[in-house]
Amino acid sequence: MKKAIVLLLFCLLTVAELPAQIKLDHLEYRNLGPTRGGRATAVAGVRTQPNVYYMGATGGGVWKTEDYGTSWTNVSDGFFDTPSIGAIRVAQNDPNIVYVGTGSDGLRSNVIAGKGVYKSVDAGKSWKHIGLKNAGQIGAVEIHPTNHNIAFVAAIGNAFAPNPERGVFRTKDGGKSWEKVLFISEQTGAADLEFMPSNPDIIYATVWRAERKPWTIISGGEEHGIYKSVDGGDNWTKLEEGLPSGIVGKIDLAVSPANPSLLYALIEAPNDKGGLYRSNDQGESFIHVSNDKNLSIRPFYYTNLDVDPQDTDILYVLSTPYLKSTDGGEKWERLNPPHGDNHDMWINPDNPRLFIQANDGGANVTHNGGETWSTQLNQPTAELYTLEVDDQYPYWLYAGQQDNYTTISVPSLPPYSHQAGAIGLVMNTGGCETGPAVPKPGNPDIVYSNCKGRFSVYNKTTGQEQSYDVGAAFMYGHNPKELKFRFQRVSPIHVSPHDPEVIYHTSQFVHKTTDEGKTWEIISPDLTAFEDDKQVISGSPITRDITGEEFYSTIYAIRESAVEKGLIWVGANDGPVHLTRDGGANWKNVTPADLPGGGRIDCVEPSPHQAGKAYFTSMRYQLGDWKPYIYKTTNYGKSWELLTSGENGIPADHPVRVVREDPDREGLLYAGTEFGLFISFDDGINWQSFQRNLPVTPISDIKVHRKDLVLATMGRSFWVMDNLSSLHQGAEQLAASSPARLFRPRDQVRYRYRGRSGSEHVDYLLPGMDIDYYLPEGVTEPLKLEFLNATGKVVRTLVSDNKDGEPAKVVRDMATNDVAYNLNSSLSTEPGLHRFSWDMRHHGSWDASERRRYAGGPMVSPGTYTVRLTVGDKTMEESFALQLDPKVAASGVSLADVQQQESVALDIIALLSELKKMAHEIEEKLEALKAKETLTATEQKQLAQLQQLHEQLVTAKGTYQKPMLISQVSYLYGIVRRADQLPGRDVFERLEVLKGEKVKLSERGD
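Every value quoted in this text rests on a predicted model; they were computed, and no experiment measured them.

Enquirer: Which parts of the structure should I look at to understand the overall build of the chain?
Expert: Within the chain one finds seven helices and 66 strands. The globule rule puts the C-alpha radius of gyration for 1006 residues at 30 Å, and the 33 Å found for the chain is close to it. The principal-axis extent of the C-alpha atoms belonging to the chain is close to 110 × 75 × 65 Å. Here the chain has roughly 38900 Å² of accessible surface; of this, 49% comes from carbon and sulfur atoms. Computed over 101 positive and 126 negative side-chain charges, the separation of the two mean positions in the chain equals 3 Å.

Enquirer: Can you help me understand the packing of aromatic side chains in this one?
Expert: Geometry of an aromatic ring pair is reported as the spacing of the ring centres plus the angle between the planes. This model, assessed by the stated rule, comprises 27 aromatic pairs. Where Phe80 meets Tyr118, the ring centres are 4.0 Å apart and the plane angle is 15°; that geometry is what we call stacked. Taken as a pair, Phe80 in the loop between strand 5 (73-74) and strand 6 (85-90) and Tyr118 in strand 8 (residues 117-120) lie far apart in primary sequence, 38 residues in all. Of the residues examined, Phe80 reaches a relative accessible area of 5% and is grouped as buried. Counting every residue linked through ring pairs, the aromatic cluster contains Tyr316, Tyr322, Phe355 and Trp373. Between the NZ or CZ atom of Arg108 and the centre of the ring of Tyr301, over which it lies, the distance is 4.8 Å. The ring of Trp215 has Lys534 sitting right over it, with the charged end atom 5.0 Å from the ring centre.

Enquirer: I'm lost on a negative patch on the surface in this one. Help?
Expert: On the surface, a cluster of negative charge is contributed by Glu921, Glu923, Glu924 and Glu927. Its location among the elements puts Glu927 in helix 4 (residues 895-930).

Enquirer: In this structure, what is going on with the pairing of strand 32 (residues 407-411)? I would like to understand it.
Expert: Two faces, one strand: in a regular strand the side chains alternate between the faces of the sheet. In terms of burial, strand 32 is a largely internal element, five of the five residues being buried. Alternating residues of strand 32 divide into Thr407, Ser409 and Pro411 and Ile408 and Val410, and every residue in both groups is buried. Strand direction decides the pairing type here: strand 31 (residues 396-400) and strand 32, joined by five bridges, are antiparallel. Residue pairing for strand 32: Tyr398 is matched across the bridge by Ser409. Here strand 31 hands over to strand 32 after six residues, with Asp403 in that stretch at a positive phi of 70°. Pairing analysis gives two bridges linking strand 32 to strand 33 (residues 427-428), with the strands arranged antiparallel. The partner of Ser409 across the bridge, within strand 33, is Met427.

Enquirer: Whenever I open this one, the sheet that holds strand 36 (residues 454-459) confuses me. Can you help?
Expert: Whether parallel or antiparallel, the strands of a sheet pair through hydrogen bonds between backbone atoms. Taken in spatial order, the four strands line up as 34-35-36-37 in an open sheet, and their pairing is antiparallel. Two strands in the sheet have a free side with no partner beyond their single neighbour: strand 34 (437-440) and strand 37 (464-467). Ignoring strand direction, the axes of neighbouring strands in this sheet form an average angle of 25°. Looking at chain direction, strand 34 and strand 35 (residues 443-451) are connected through four bridges and run antiparallel. Bridge pairing in strand 35 places Ala437 opposite Ser449.

Enquirer: What exactly am I supposed to notice about the nonpolar core here?
Expert: Side chains of a nonpolar character, in soluble globular proteins, are inclined to be buried together. Counting residues in hydrophobic clusters, the biggest one holds 37 residues, and the most contacted among them are Phe690, Leu709 and Leu727. Looking at this core, the elements that each hand over two or more residues are strand 50 (656-661), strand 51 (669-673), strand 52 (676-680), strand 54 (699-705), strand 55 (708-713) and strand 56 (718-721). Setting aside residues up to four positions removed in sequence, Leu727 forms contacts with Leu24, Leu27, Arg665, Leu668, Ile679, Phe681, Phe690 and Glu732. Ala905, Leu953, Ile966 and Leu1001 belong to the second largest nonpolar core, which has 26 residues in total.

Enquirer: For this particular structure, what's the right way to read helix 7 (residues 985-1005)?
Expert: The α-helix advances 3.6 residues per turn, and as a result positions three or four apart in sequence lie on the same side. With 21 residues, helix 7 should reach 30 Å at 1.5 Å per residue; the first-to-last C-alpha distance of 31 Å fits that figure. The secondary structure elements touched by the buried residues of helix 7 are helix 4, helix 5 (937-953) and helix 6 (965-976).

Enquirer: I tried to follow the pattern of salt bridges on my own but got confused; where do I start?
Expert: Any two side chains of opposite charge can pair if their charged atoms end up close together. Summed over the entire model, instances satisfying the criterion amount to 61 salt bridges. Of the charged contacts, one joins Glu142 and Arg89 as a salt bridge, the two residues approaching to 3.5 Å between their closest N and O atoms. Of this pair, Glu142 sits in strand 10 (residues 137-143) while Arg89 sits in strand 6; the two residues are 53 residues apart in sequence, bridging distant segments of the chain. Overall, the relative accessible area of 11% leaves Glu142 in the buried class.

Enquirer: Would you explain the domain arrangement of the chain in this entry?
Expert: Accessible area lost upon the coming together of the parts is a frequently used measure of interface size. Annotation of the chain at the domain level lists domain 1 (42-366), domain 2 (590-723), domain 3 (741-889) and domain 4 (895-1003). Relative placement of domain 2 and domain 3: their C-alpha centres are 35 Å apart. Taken together, the contacts link five residues of domain 2 with four residues of domain 3. Summing both sides of the interface, domain 2 and domain 3 together bury roughly 460 Å²; the carbon and sulfur share of this comes to 37%. Here domain 2 is connected to domain 3 by one salt bridge. Put simply, Asp708 and Arg746 hold a salt bridge, and the shortest N to O gap is 2.6 Å. The tally of links between domain 2 and domain 3 comes to five residue pairs in polar contact (both at pLDDT 80 or more). Class assignment of the residues belonging to the side of domain 2 that touches domain 3 gives a composition of no nonpolar, one polar and four charged.

Enquirer: In this structure, what is going on with the packing of helix 4 against helix 6? I would like to understand it.
Expert: To characterise two packed helices, one gives the angle between the axes of the helices and the distance between these axes. Running from N to C, helix 4 and helix 6 point in directions that differ by 160°, and their axes come no closer than 10 Å. Between helix 4 and helix 6, the angle falls in the class roughly antiparallel. For the pair helix 4 and helix 6, the crossing hand works out as left-handed. Contact residues: Gln901, Val904, Ala905, Ile908, Ile909, Leu911, Leu912, Leu915, Lys916 and Ala919 in helix 4; Leu965, Ile966, Val969, Ser970, Leu972, Tyr973 and Val976 in helix 6.

Enquirer: What am I meant to see in the environment of Arg744 here?
Expert: Secondary-structure assignment places Arg744 in the loop between strand 57 (741-742) and strand 58 (748-750). Residue Arg744 is classed as partly exposed on the basis of its relative accessible area of 45%. Placed 486 residues apart in sequence, Arg744 and Ala258 show a C-alpha to C-alpha distance of 71 Å. Discounting chain neighbours no more than four positions away, the residues touching Arg744 are Ser725, Gln729, Glu878 and Ser879.

Enquirer: In this structure, what is going on with the state of the cysteines? I would like to understand it.
Expert: Chemically, a disulfide is nothing more than a covalent bond linking the sulfur atoms of two cysteines. Taken as a whole, this structure holds one disulfide when the rule is applied. Disulfide partner of Cys432: Cys451, at an S-S distance of 2.1 Å. Across the S-S bond linking Cys432 and Cys451, the dihedral sits near 90°, which makes this disulfide right-handed. Taken as a pair, Cys432 in the loop between strand 33 and strand 34 and Cys451 in strand 35 lie far apart in primary sequence, 19 residues in all. By relative accessible area, which is 8% here, Cys432 ends up buried.

Enquirer: Hey, could you run me through helix 5 in this one?
Expert: Helix length check: helix 5, at 17 residues, gives a terminal C-alpha distance of 25 Å against a target of 24 Å (1.5 Å per residue), a fit within 8%. Taken residue by residue, helix 5 has Glu939, Leu943, Leu946, Leu949, His950 and Leu953 as its buried positions. Taken end-on, helix 5 shows its buried residues confined to a sector of 130°, consistent with a single buried face. The exposed set on the far side of helix 5, more than 90 degrees from its buried face, consists of Ala937, Lys941 and Glu951. On its buried face, helix 5 sits against helix 4, helix 6 and helix 7.

How each quantity is defined
- Residues numbered from 1 in each chain as written.
- Predicted model: local features only at pLDDT ≥ 70, side-chain atom pairs only at ≥ 80, totals over all residues.
- Heavy atoms only, no water.
- Helix = DSSP H or I, 4+ residues; strand = E, 2+ residues; numbered from the N terminus.
- Rg over C-alpha atoms; globule rule 2.2 N^0.38 Å.
- Areas by Shrake-Rupley, 256 points an atom, 1.4 Å probe, with all protein chains shown as cover.
- Lys, Arg positive; Asp, Glu negative; His and termini not counted.
- Charge placed at Lys NZ, Arg CZ, Asp CG, Glu CD.
- Phe/Tyr/Trp six-rings, centres within 6.5 Å; stacked < 30°, edge-to-face > 60°.
- Buried < 20%, exposed > 50% of the residue type's maximum accessible area, 1.4 Å probe, protein only.
- Lys NZ or Arg CZ within 6 Å of the ring centre and 35° of its normal.
- Patch = residues over 30% accessible without salt bridge, like charges linked within 9 Å, V, L, I, M, F, W, Y side chains within 5 Å.
- Salt bridge = Lys/Arg side-chain N within 4 Å of Asp/Glu carboxyl O.
- Pairing = 2+ DSSP bridges.
- Axes fitted to C-alpha atoms, helices over the stretch in contact; angles between N-to-C directions.
- Core = buried A, V, L, I, M, F, W, Y, C linked by side-chain atoms within 4.5 Å.
- Contact = heavy atoms within 4.5 Å.
- Expected span 1.5 Å × (residues − 1).
- Domains from an automatic or database assignment.
- Buried area = accessible area lost by both parts, 1.4 Å probe.
- Polar contact = N/O pair within 3.5 Å; in protein donor to acceptor, adjacent residues only side chain to side chain.
- Nonpolar A, V, L, I, M, F, W, Y, C, P; charged D, E, K, R; others polar.
- Parallel < 35°, antiparallel > 145°, perpendicular 65-115°, else oblique.
- Left-handed = near helix turned anticlockwise from the far one by under 90°.
- Disulfide = S-S within 2.5 Å.
- Arc of directions from axis to C-beta.

Next up, the structure:
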């Protein structure tokens, strides 16, 4: 005990003595898409502003459109602690007031927990958390129609364990305080709410027994029903006449101002008792209108009903199909939104053909009752699973996208331009929504993909997908204990880092193929816990739901060590961790003794530095345990250390999905949690948030690739943090008192591409070379940054108080189709860490305009360069390499070709500078002569000569004027700057002609 106290005091003193770490402000994330939306679970509109709508995503937060869905902007980032949205309501008497209940009511296995209720008083510009933090998932929010300080919340509760903060809650003071006005039990919460349209003192609520386990979904029980209050929520009565009794599940309600006494209910119930019910007398009695099975598909996930505000015979049911009835629910027809799997809608009361609808592909608006819709290709809310990257230049990212018909791939930078922009670059890569999609090392045209346990080989060249299912058996609908192979819907695929022909795939066994799946070998015993009572038909007590999502006792993670061949780590979704050191001949259970059982081993991470070192994460929130679990071993699993106490940086309620060790710096760890990203610089002893500009969302997977930090998220698509090289060099150790420092740059591929091809949400960087540097306080003199080639010649000089170029932009000359771009070349002198992006170009030509002077010069050729930073009297240098784009080299362009291109481009720039200076001198002389009141005969002759010279140099203003000498030289420069190439012979000949014309003009000027 005394030793522990002494150690604690030592640690506290040590921490106290550490200098305050500087902020890593030079590092930012950028979004890579895709921008086809993910699951949208809540929508709302504004009656008096028919162009304005809100959309809530299951993992993407709250978004707003002010142009009928043409564009969307996130409004919850920076305010919400969870990205999962359950309900949105706008106060129609004051649309500045918006309430949001977090926590989606669609209890999928990947459902993200809510964190209570948020409120905006400025139409979404800012938000305040107003309570019910532990209410879990929220099914509905309703605002009093004339007093927006009165609001009700239907809290489903914790989706994974009993809790008291569930039921119906009411606030009378705008969320300052809440009272629980309807409570059934700690297992049963409230799913829906409706005000009677003509009398807000009459309120209807539904209650629902719902609980998610890793192996099943419980939807329904003896505690159920529709409740009614006639006194504003003070007292409640259960409605029973005509409704099903016994075991009942989820219920959704709909009312219409066209007939306030009418109440519709969509009910999950056994046998033929489920379906649509109607009451004509405010719930005193109900009749069963329809038991159409299409109304109650996967009720725990859907069960959504709405009614036209002007015609009570028009009903909508949102389920796997989107259904509409025009006869009060007796007959149904299908609508065709942009995506299936439908969750919510909001109808404009003044124009029922104008509404917004939410589904698994995002949100979409219709002006004509569902005949046509706004796009879903403008919502970067994709839910992504396992992340992989390939070895192309630039590299591509791969993952399964939830609710997409295939896995997908997106580029880290634009490999080429596309007419549709970034969305046009998204590539299908086989398999289905679950993934993974694993590109073959050395041949990214081949992708090994998975669809819910079905292995395939996708060929990008042919567009065909060859199927090689292990066992070749259809698994849907089975009790897992009956199956020969239990494949989870997200079944891992892993290619050996030592042999690209060796592929692993896992059920409860490890399967291995060396012929791309044509034949499989089982190389392990059952490596799961396999508790018999967890092998059940998923979906109880009413509705079966057996899609493989709840198959328990499967291997969920597998990785072979890159340091030691044959050392393979696996983790199961029911708790155990195993390893083999001989390629599968022998396996050992190395699960830590202190790890609580049953959790999902979401990630195993062999260290890229030491063979015996590894990490894994365990997710136990589906068992009601929200603690973070990251374990580390340094002796092949003989002993383990828990790296997450809940008090060392990662909060105690942040389950960890994935951990990765940086391959370039041992002990630098990245952890992806349910609510964001964390980093450790000391091998897990301490953690700190590494969100920067990353939105709050689950981090489903992480890769460190070519010194980039690459992320897949469960709700906000792909992200990348470019160039971690300063972290590899200890940037976080700098203190405010540290001297100025220049970091060694990362070697860079010298990309050249035209334009960004990005979008409103996707951020593709312009080609550039990152230069990271640190400045202490008190820097008062200008900075100077120089770039030198291998011979020591300075090719570019930049000074902090001389802004060279404009902010980052792309400029296209419509006459020549030439594309130029400028990077913001200003050097910051503020204290702290900074990133400067050199555009890999020489100085451009001189120009009379300081704004354009020396911008847009030719690209330097590949080679070794030195960057030199001068801060006051201190000069620092670091070297780096610019590499020829491998695709360019593969096309036959050589380094010598590019060097000759650089040489002729510099000759052209020199000529262009001379001509521009000549024109500027002439213009100054002309201006001086024109300023005189009278001219002598000699001056008049001089004026005429100068005007003639100027006309030969400068193209006259106007449309399609004849291009004169400066324009001709600029045109020639445009020819040699568009692509990496050996310039054609005509370029050299034309340059000599233009030089000759310049000489003639100079002689005339003399």
